[in-house]
Each structure stands twice: as structure tokens, then as C-alpha cells.
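For reference, the chains in residue letters:
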Amino acid sequence: MRKMSSGDHTKPAVNSALLRLLPKVDDCLLALQQEKALAEISLKSLTRLTRLYIEQIRQEILHGVKIPPKTMERESFIATMIDFILDEQKIRFKRVINCTGVIIHTNLGRSILPAQTMDALYDAGARYSNLEFDLETGERGSRYSLVEDLLCELTGAEAGLVVNNNAAAVLIVLETLAKGREVVVSRGQLVEIGGSFRIPDIMKRSGAELVEVGATNRTHLRDYENAVTENTGLLLKVHCSNYRIIGFTKEVSNQELVSLGRQHNIPVVEDLGSGCLVDLSRFGLMKEPTVQEVVGSGVDVVTFSGDKLLGGPQAGIIVGRKKIIDTIKKNPLNRALRIDKFTLSGLESILRLYRDERKALAVIPTLAMIAAPVEVVHKRAGRLVRRLRRDIKEQCRFSIIESTSRVGGGAMPEQNIASRSVVLEPARLSVSELERSLRKQDIAVIGRIENDRLLLDVRTVQDDELTLIHKSLLQIFS
Ligand SMILES: *Cc1c(COP(=O)(O)O)cnc(C)c1O
């Protein structure tokens, strides 16, 4: 050990002693360059990371973080630095196994795509394509034409286009139809969804003026009627995705709203949010109108997300009357909000699956997870528990409990789907340590802690992921 400084009265002496133990960048580099595991990393990166690491430790010392002097010894210091550098080299965008039971989990990437759609995505990325090239005429084509026919066929709409996401869809619809004009919305529908998307804020950005009508729980047709002026640009209906007003409530039906719109020659727009092409009530969920039904009700424009209940890639889908859709297509904003080729190829692949509803339900993971009978989920839990009990004995107890999954993504907020969770009760680790270890795996396993136990809901786990969960737990408990 070096002698402690005696002249410095402003900082604790131990700090300056530790600071003086910090090695020089060049000395570290000499050692790091001998290290096989770092051979692929350029000297420039290595130098940057070395500086970064030393600076990080310096800051810790300055902030009085307890650092055992032993870790400052050369060998130990270099070893930790190597771990830091290797960790930094790992790709940040990581695969996660979703054991939360929330099917459309926005933080975990919302909908996952079927394998056949991934093949389409690969070709879209790795090869040239007819993205904006008409193979019939050999001339420039439109990217929207690749999916427009399908959208019309599936929803019954006259025309359609796709933008970056549904927030963008709402923005461009409002900007096109109601910039500088009034938009009538029921007070009960001024929603905020996750990621601070608020209908009133979007409306401001679009240059439209919000006219709220009705009370939070009840809005009548006459409320809309009274609000209509010659400056009304459109009547807007917003799906209350993530909340529900219950009790003494009243909403105006689409039919009523559409006939009011017709009377005054004002378009009616509905932001469906999740928007689904199949009726999910047969799986015990509440009846929600499908996109086709909303289009059929006479609403002029409908917007919905690509990656919520549709089960596709992130996108904002706009379908409706040809005249209006054509105007939206010409809006310069459309260029700024346009979707990329990956989305288009993925979306086309997903939409094609909907031509056969049974196929869509079986193949599109979001739908398949909603539709899976609880017996199937129970069997999956059973398989996992048997394997875990076989290989991990004293360190952890495993059991199965009844739990509830959710659709998520702001859809059907109050509806539970019967599910099963594997319960983990570790003997020597704490539950939060176990949760963290699983989360820190190369393929992160995300469960939830409830009553001091770790729950892995297997409704959102794919069958081929059981092996990975098993492997991770073996590693943690070995
Ligand atoms: C989710 C949602 C949106 C936003 O859709 P994104 O695809 O996430 O941009 C807009 N409106 C409603 C009602 C929603 O539920």
C-alpha cells in the first residue's frame, strides 16, 4: 500500500489513496492487447473503453463508493475491465422470453411475428424488391399498392394506406381533414395511452381544434348535433383502449353518428386503436366490433395499429372512402410518416394469413396465444415443472398455479384470460435475486414477483422456449 496523502484536507484521505491506485491507460492497453478474448476489438475502441472504464471507477471513488483496495490491484483491476469491455461488446437489442402473461406487451415489443412472415422480412432486407416498381409496366409504382387490395378485401373498405404507426395515422387523418377546423369528440373518449399519446395533444399538433361534447360518462346524439357548425371538419370517435367507463353510461352509436355526419356532409372518423379482423368473443373475451363491422357501419375512415390485435409489425392502418384516402395519400406529411419496406413486407404476409381465418388464428402468435385453451397452457406448465423438478432439487421449489393473462397493448383492459404460471420458490437465493438473474441471462427471462414468489406465466411462452428457461435456471442454480 502507498502512503496516504496528508496535505489534502478537503477529501477523505482514503479517496486520494484509491485515486492514486488507478492505472494508466497505456499500461492497461498493453495488458488488454495480450488478451485473446479482445483480439477482434480495434485499438481505437479498446482505448475508448479503457478510458471510459477508468473514468467510471474514478467517479465512483470521488463519490465515495466503497471500493475494496484489493480490486484496485493490477490483476484484479484488469480482469474486471475485461468483463466490462466484453459486456459492452454485446448487442443491446436482446431476445426476451415473455413470462408476464401479457400478450401484447408494449415494453417487450408488442406482437411477435410468425416464421413465414420472418422469411418475407429477410428477403425485404437482404434483397432488392419491387417496393416502388411496377413489374407489369416496368415503371415507377406505389408502395401502398402492395397491401391496399388486401386491406380492402379484408375490411370491406374502398381504399387504404399504411403509415408508421397508429399515432401517425390519427395525426395525418386529422391534419388532412380538419386542419384549422373543429373536431367534435365525446369527453369520455379523450384518452391517453402509454408513451404519452393523448388525443387532445395530437389534435393540437394537427392544427385541428378540439370541441369536447357530453359528460365523461354520457354523451347523447344531441350533444354532437349542438356542436356542429359550418367550421366542423369531422366527427371523431376514439376507442377507449385502456380504460372503460362503467355504470350509468351512454355512447352514441356509429349509425347515429354516421347519419348526423351525412346530414351535414361531415366525415366520421373512428380511431379503433387495437383494431381486430376476427371476432375474439368466441374465446371468452368481450365482444368488440371488428374493423369490417366498423367499416360496415358507414364510418368514413377507420384507423388502427398493425402490432396490437392484428398481430403484425408496427404500422398505422387507415382504411375508408376512396375520395378521402386519396387526399390523405397526397398530404406531404405522408412522406414523413411513411412505412419502411420491412413493415410492408411483414404486413402483407400477415394480411394474407387473414384470408383464411382458421389459419390466422393458428399461425399469428398474438391470436394463437389468445385462443390457446387453458388445458394447452396447463400442459406447457406441466412439462416445464417436471423438467425443473427432475434437475433442480433442494435449491428451488416448483409448482403450478392458476393465473390470469391479459391481452395488453391497451386492448381489453379489464379482461382476464385464464392461464397457468409456474411458481418458483428459491431456497437460498432471494426471490428478487432470482428474478434479476433470469433477467440478466443472455436471453432474458421476464417473470413477475407476487407474494414473495416468482411467477412465470406460460401462456406467452412458446413451446420451443421451455428448453431455454430450463437451461437458464439450471445455470443459475448450479
Ligand atoms: C394504441 C392506440 C393508438 C396508438 O397506436 P400506435 O400504433 O401505438 O401508434 C392510438 N389510439 C388508440 C385508441 C390506441 O389504442
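Residues numbered from 1 in each chain as written. Predicted model: local features only at pLDDT ≥ 70, side-chain atom pairs only at ≥ 80, totals over all residues. Heavy atoms only, no water.

Looking only at helices and strands, one finds 19 helices and 18 strands in the protein. Considered along the principal axes of its C-alpha atoms, the protein spans approximately 90 × 55 × 50 Å. If you take every contact in the protein between residues at least 6 apart in sequence, the share linking residues at least 24 apart comes to 74%. (Helix = DSSP H or I, 4+ residues; strand = E, 2+ residues; numbered from the N terminus. Contact = heavy atoms within 4.5 Å.)

So, about the sheet that holds strand S14 (residues 396-408). The strand order S2-S14-S15-S18-S17 describes an open sheet built from 5 strands, whose pairing is mixed. In the strand order of this sheet, the two ends are held by strand S2 (102-104) and strand S17 (448-450), each with one partner. Pairs of neighbouring strands in the sheet enclose a mean axial angle of 40°, with direction left out of account. Note that strand S15 (residues 417-426) and strand S18 (residues 453-457) share 4 bridges and pair antiparallel. (Pairing = 2+ DSSP bridges. Axes fitted to C-alpha atoms, helices over the stretch in contact; angles between N-to-C directions.)

A word on unusual backbone geometry. Only a minority of non-glycine residues have a phi that is not negative, and only a minority of peptide bonds are not trans. Phi at Asn265 is positive, roughly 60°, even though this residue is not glycine. Along the polypeptide, Asn265 turns up in the loop between helix H10 (254-264) and strand S11 (268-273).

So, about the packing of aromatic side chains. What the rule picks out here adds up to 2 aromatic pairs. Seen from their ring centres, Tyr53 and Phe84 are 5.0 Å apart, and the 45° between their planes marks the pair as tilted. Taken together, the residues Tyr53 in helix H3 (residues 43-62) and Phe84 in helix H4 (residues 74-89) connect sequence positions 31 residues apart. Counting every residue linked through ring pairs, the aromatic cluster contains Tyr53, Phe77 and Phe84. (Phe/Tyr/Trp six-rings, centres within 6.5 Å; stacked < 30°, edge-to-face > 60°.)

Turning to helix H7 (residues 166-178), a few remarks are in order. Here H7 spans 17 Å end to end across 13 residues, near enough to the 18 Å set by a 1.5 Å rise per residue. With 11 of its 13 residues buried, H7 lies for the most part within the structure. (Expected span 1.5 Å × (residues − 1). Buried < 20%, exposed > 50% of the residue type's maximum accessible area, 1.4 Å probe, protein only.)

For the rest of this paragraph, the subject is the domain arrangement of the protein. Many descriptions give the size of an interface as the accessible area lost when the pieces come together. Under the domain assignment used here, the protein contains domain 1 (16-89), domain 2 (96-104 + 370-477) and domain 3 (115-363). Of note, the centres of domain 1 and domain 2, computed from C-alpha atoms alone, are 37 Å apart. (Domains from an automatic or database assignment.)

Moving on: the environment of Lys329. Within the secondary structure layout, Lys329 lies in helix H12 (residues 322-330). Exposure remark for Lys329: the relative accessible area of 26% places this residue in the partly exposed category. With 153 residues separating them along the chain, Lys329 and Thr176 place their C-alpha atoms 9.4 Å apart. A polar contact of 2.9 Å, which involves the side chain of Lys329, links it to the side chain of Glu148. (Polar contact = N/O pair within 3.5 Å; in protein donor to acceptor, adjacent residues only side chain to side chain.)

If you look at the biggest cluster of nonpolar residues, it comprises 56 residues, and the most contacted ones within it are Leu280, Val302, Leu309, Val319, Leu351, Tyr354 and Val407. The greatest single-element share of this core, amounting to 5 residues, is contributed by helix H14 (residues 341-353). Among residues more than four places away in sequence, those in contact with Val407 are Ile103, Ile104, Leu285, Leu309, Ile370, Met412 and Ile417. (Core = buried A, V, L, I, M, F, W, Y, C linked by side-chain atoms within 4.5 Å.)

So, about helix H8 (residues 199-206). Within the span of H8, buried status applies to Ile199, Ile202, Met203 and Ser206. Seen along its axis, H8 keeps its buried residues to an arc of 100°; they face one direction. Exposed residues lying more than 90 degrees from the buried face of H8 are Lys204 and Arg205. Along its buried surface, H8 packs onto H7, strand S6 (182-186), strand S8 (197-198), strand S9 (209-213), strand S10 (232-238) and S11. A positive phi of about 85° marks Gly207, the residue just after H8. (Arc of directions from axis to C-beta.)

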